[in-house]
Amino acid sequence: MPKWRDFDIAQLIAATVKQPLDDLEAAAKARDGQRFDAAYRQLTDACNACHKSANVGVIAIKVPDASAFPDQDFRATKP
């Protein structure tokens, strides 16, 4: 969807979330948990800023505060 109302979506994404996404990817590749968490928070803030600038601030993204899979344990176990 190249445009939504009067907003150029590609331009909004490039201006608001490109750098946070790049930072998130770099942190993941570096396997740096603290850097990943910080980049994720920055990305979340950027998403919310974009929503506000597009007059849809009612769409608020937040950092998850619980597992999406509360009944599963993803820790590796030794055979």
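What you see is a predicted model; the values in this text were computed from it and never measured. (Residues numbered from 1 in each chain as written. Predicted model: local features only at pLDDT ≥ 70, side-chain atom pairs only at ≥ 80, totals over all residues. Heavy atoms only, no water.)

A. Geometry of helix H2 (residues 18-30). Counted at 1.5 Å a residue, the expected span for H2 with its 13 residues is 18 Å, and the 18 Å between its end C-alpha atoms agrees. Within the sequence span of H2, burial applies to Pro20, Leu24 and Ala27. All buried residues of H2 lie within an arc of 65° about the axis, which places them on one face of the element. Here the buried face of H2 lies against helix H1 (9-16) and helix H3 (33-53). Following H2 by one or two positions, Arg31 has its phi on the positive side, about 55°. (Helix = DSSP H or I, 4+ residues; strand = E, 2+ residues; numbered from the N terminus. Expected span 1.5 Å × (residues − 1). Buried < 20%, exposed > 50% of the residue type's maximum accessible area, 1.4 Å probe, protein only. Arc of directions from axis to C-beta. Contact = heavy atoms within 4.5 Å.)

B. Spatial organisation of the nonpolar core. The biggest cluster of nonpolar side chains holds five residues, and these are Val17, Leu24, Ala39, Leu43 and Ala46. At three residues, the largest contribution of residues to this core is made by H3. Not counting the four nearest positions on each side in its chain, Leu24 is found in contact with Phe36, Ala39, Tyr40 and Leu43. (Core = buried A, V, L, I, M, F, W, Y, C linked by side-chain atoms within 4.5 Å.)

C. Local environment of the layout of surface pockets. Approximately 190 Å³ is the volume attributed to the largest pocket. Considering the residues around the largest pocket, the lining is formed by Trp4, Ile9, Leu12, Ile13, Thr16, Val17, Cys47, Cys50, His51, Ala54, Val56 and Ile59. Those elements giving two or more residues to the lining of the largest pocket turn out to be H1 and H3. No other element matches H1, which puts four residues into the lining of the largest pocket. Class assignment for the residues of the lining of the largest pocket results in ten nonpolar, two polar and no charged. (1 Å grid on protein atoms, 1.4 Å probe; cavity = no way out; pocket = protein on both sides within 12 Å on 5 of 7 lines; lining within 4 Å. Points joined across faces, edges and corners; volume = space filled by probe spheres on them. Nonpolar A, V, L, I, M, F, W, Y, C, P; charged D, E, K, R; others polar.)

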